[in-house]
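# Architecture and fold: a report
Each chain is listed here by its residues.
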Amino acid sequence: MKATIVRFDAYYDVAFARPAFSRLGSFAQIIEPIHDALSGEVLIPSDAISLENGNTIASSVVTVTLFSGNGVFEARLDGYKTHFLDLRLSEDIDKAKRCAMLFEGAASEFLDAGLPATWRLVMPSWLTVDGGIEAAEELVRSLTWLPGNDDPFAIGATKTLSHVKFECSNTKQSWVIGLTVDKSVLPSADLFLEVSSKYMPDSQYDTFGKKLDHIAAVMKAIFNTLGLTVD
């Protein structure tokens, strides 16, 4: 079944078991290296970087908002995150990948010794498929135990929307992959597919680039299993 991605998001969160930027005297110290790291990829407006000062450094946050609000970078005492919304073109995805790696490199310069507690990478996507919404519903129905009728639980329902979720793990490589397949709620798409990954501190995928390559391979395998040929 041919499919086209009409929207693609990416969320990358790194959480620490303890404060990771505790040797900073002020979170303002991290603004300049973040600016320098990202300015080679994109023009950063003067108001794009903000520092939210709390009563202590523990409640301070550095936020960088780029790409008209579709790209947000955040550094906190207990971790950092990189979020991108509505990546439509391969060039946008490539730029997001480069910027995320640059941001992680800049933020990591200020980390105390120690490993993150978890890394989390989530890739939701919305697709159109041959056959439209009916084909998407049939695909979802084929993956779930729910029978294909309007009232599978005999509760008097006139319409039931089925969805399916999987969780796959590899204890030797220290990762967990989550998969959700559902009918899209976006009017411009038919099918919703979300692949999420969580990596433990001892995972071999110990950089953003390695994680991204891993989840890309996972998504390719999932598309093949679902019988989707993505443009």
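About the thresholds
- Residue indices begin from 1 for each chain and proceed along its sequence in written order.
- Only residues with pLDDT of 70 or above have their local features reported here, since the model is predicted, and side-chain atom pairs are shown and tallied only from 80 upward, although totals for entire chains, interfaces and linings are computed over all residues.
- Neither water nor hydrogens contribute to the side-chain values; these are computed over all heavy atoms in the structure.
- Comment: elements are numbered from the N terminus, with helices defined as DSSP H or I runs of at least four residues and strands as E runs of at least two.
- Residues are treated as being in contact if the distance between any of their heavy atoms lies within 4.5 Å.
- Every accessible area reported is derived by Shrake-Rupley at a probe size of 1.4 Å, with residue values counting cover from the shown protein chains alone.
- Positive charges come from Lys and Arg, negative ones from Asp and Glu, while His and the chain ends are left out of the count.
- Charge coordinates come from a single atom per side chain, which is NZ of Lys, CZ of Arg, CG of Asp or CD of Glu.
- Using a 1.4 Å probe on the protein chains alone, a residue whose accessible area is under 20% of its type maximum counts as buried, one over 50% counts as exposed, and one in between counts as partly exposed.
- Salt bridges are defined by distance alone: a side-chain nitrogen of Lys or Arg within 4 Å of a carboxyl oxygen of Asp or Glu.
- Pairs of N or O atoms within 3.5 Å make up the polar contacts considered here, provided that, within protein, one atom can donate a hydrogen while the other can accept it, and that residues adjacent in sequence are counted only when both atoms are side-chain atoms.
- The pairing criterion is simple: DSSP has to find at least two bridges between the two strands.
- Note on aromatic pairs: the rings of Phe, Tyr and Trp (six-membered ring only in Trp) are paired at centre separations within 6.5 Å, and the planes decide the class, stacked below 30 degrees, edge-to-face beyond 60, tilted for the rest.
- To estimate how far a helix should extend, the number of its residues minus one is multiplied by 1.5 Å.
- The predictor attaches a confidence to each residue, called pLDDT, with possible values from 0 through 100.
- By nonpolar core we mean a set of buried residues, namely Ala, Val, Leu, Ile, Met, Phe, Trp, Tyr and Cys, connected to one another through side-chain atoms within 4.5 Å.
- Every axis corresponds to a line fitted to the C-alpha atoms, with the helix fit spanning only the stretch in contact, and the corresponding angles, defined between N-to-C directions, vary from 0 to 180 degrees.
- Any angle that is under 35 degrees is reported as roughly parallel, and any over 145 degrees as roughly antiparallel; angles of 65 to 115 degrees are reported as roughly perpendicular and all others as oblique.
- Crossing chirality is assigned from the near helix's rotation relative to the far helix, an anticlockwise turn below a right angle marking it left-handed and a clockwise turn marking it right-handed.
- Polar here means any residue outside two lists: the nonpolar Ala, Val, Leu, Ile, Met, Phe, Trp, Tyr, Cys and Pro, and the charged Asp, Glu, Lys and Arg; Gly therefore counts as polar.

## A word on the overall build of the chain
- Counting its secondary structure elements, the chain contains four helices and 11 strands.
- Each principal axis of the C-alpha distribution contributes one length, and for the chain these read about 60 × 40 × 35 Å.
- In the chain, of all internal contacts separated by at least 6 residues, the share reaching a separation of at least 24 is 65%.
- When the accessible surface of the chain is totalled, it reaches about 12000 Å², and 53% of it is carbon and sulfur.
- Distance between charge centroids for the chain: 4 Å, based on 20 positive and 30 negative side chains.

## What about the side chain of Glu-104?
- The topology assignment puts Glu-104 in helix 2 (residues 90–108).
- Buried charge Glu-104 goes without a salt bridge, the closest partner of opposite sign being Lys-211 at 5.3 Å.
- Within the structure, the side chain of Glu-104 is placed 3.4 Å from the backbone nitrogen of Phe-208, a separation counted as a polar contact.
- With residues up to four places along the chain from it excluded, the contact list for Glu-104 reads Tyr-12, Val-14, Tyr-80, Trp-119, Thr-207 and Phe-208.

## A look at unusual backbone geometry
- Positive phi, close to 60°, is recorded for Asp-86, a residue that is not glycine.
- The topology assignment puts Asp-86 in the loop between strand 6 (79–84) and helix 2.
- The class of Asp-86 is partly exposed, set by a relative accessible area of 22%.

## Considering the pattern of salt bridges
- Evaluation of the coordinates by the stated rule reveals 10 salt bridges.
- Notably, a salt bridge pairs Arg-76 with Glu-74, separated by 3.5 Å at the nearest N-O pair. Comparing Arg-76 with Glu-74 shows no difference in burial state: the two are buried.
- Among the charged side chains, a salt-bridge network with shared partners connects Glu-74, Arg-76 and Asp-78.

## Digging into the pairing of strand 7 (residues 118–129)
- With respect to burial, strand 7 is a largely interior element, nine of its 12 residues being buried.
- Two strands pair when backbone bridges link them, and strand 2 (residues 10–15) and strand 7 are joined in this way by five bridges, in the antiparallel orientation. Residue Asp-13 lies in a different strand from strand 7, and its bridge partner there is Arg-120.
- Here strand 7 pairs with strand 10 (residues 191–199) via nine bridges, running antiparallel. Looking across to strand 10, one finds that Met-123 is bridged to Val-195.

## What to know about the packing of aromatic side chains
- According to the stated counting rule, one finds eight aromatic pairs in the structure shown.
- Taken together, a centroid distance of 5.3 Å and an interplanar angle of 50° make the contact between Phe-73 and Phe-103 tilted. Of this pair, Phe-73 sits in strand 5 (residues 71–76) while Phe-103 sits in helix 2, placing them 30 residues apart in sequence. Here Phe-73 and Phe-103 have matching classes, each one buried.
- Three or more aromatic residues joined by ring pairs form one cluster here, namely Phe-16, Phe-73, Tyr-80, Phe-84 and Phe-103.

## Considerations on helix 2
- Helix length check: helix 2, at 19 residues, gives a terminal C-alpha distance of 27 Å against a target of 27 Å (1.5 Å per residue), a fit within 8%.
- As for helix 2, its buried residues are in contact with strand 2, helix 1 (31–39), strand 5, strand 6, strand 7 and helix 4 (208–226).

## Thoughts on the confidence of the model for the chain
- Considering every residue of the chain, the mean pLDDT works out to 87; 97% of them sit at 70 or more.
- Element-level mean pLDDT values for the chain span from 88 in strand 3 (residues 49–52) up to 94 in strand 10.

## Regarding the nonpolar core
- Within the largest apolar cluster, 62 residues are counted, with the highest numbers of intra-cluster contacts made by Phe-21 and Leu-38.
- For this core, the element with the most residues is helix 4, which contributes eight residues.
- Those residues within four positions of Leu-38 in sequence are excluded, and the remaining contacts are Ile-44, Val-64, Leu-66, Phe-73, Cys-99, Leu-102 and Phe-103.

## Here's the deal with the packing of helix 1 against helix 2
- Relative to each other, helix 1 and helix 2 sit at 155°, their axes nearing to 9 Å. In terms of their interaxial angle, helix 1 and helix 2 are classed as roughly antiparallel. The way helix 1 lies across helix 2 gives a crossing that is right-handed. Only Cys-99, Leu-102, Phe-103 and Ala-106 of helix 2 make contact with helix 1, whose side of the interface consists of Pro-33, Ile-34, Ala-37 and Leu-38.
- For the contact of helix 1 with helix 2, the per-class residue count stands at eight nonpolar, no polar and no charged.

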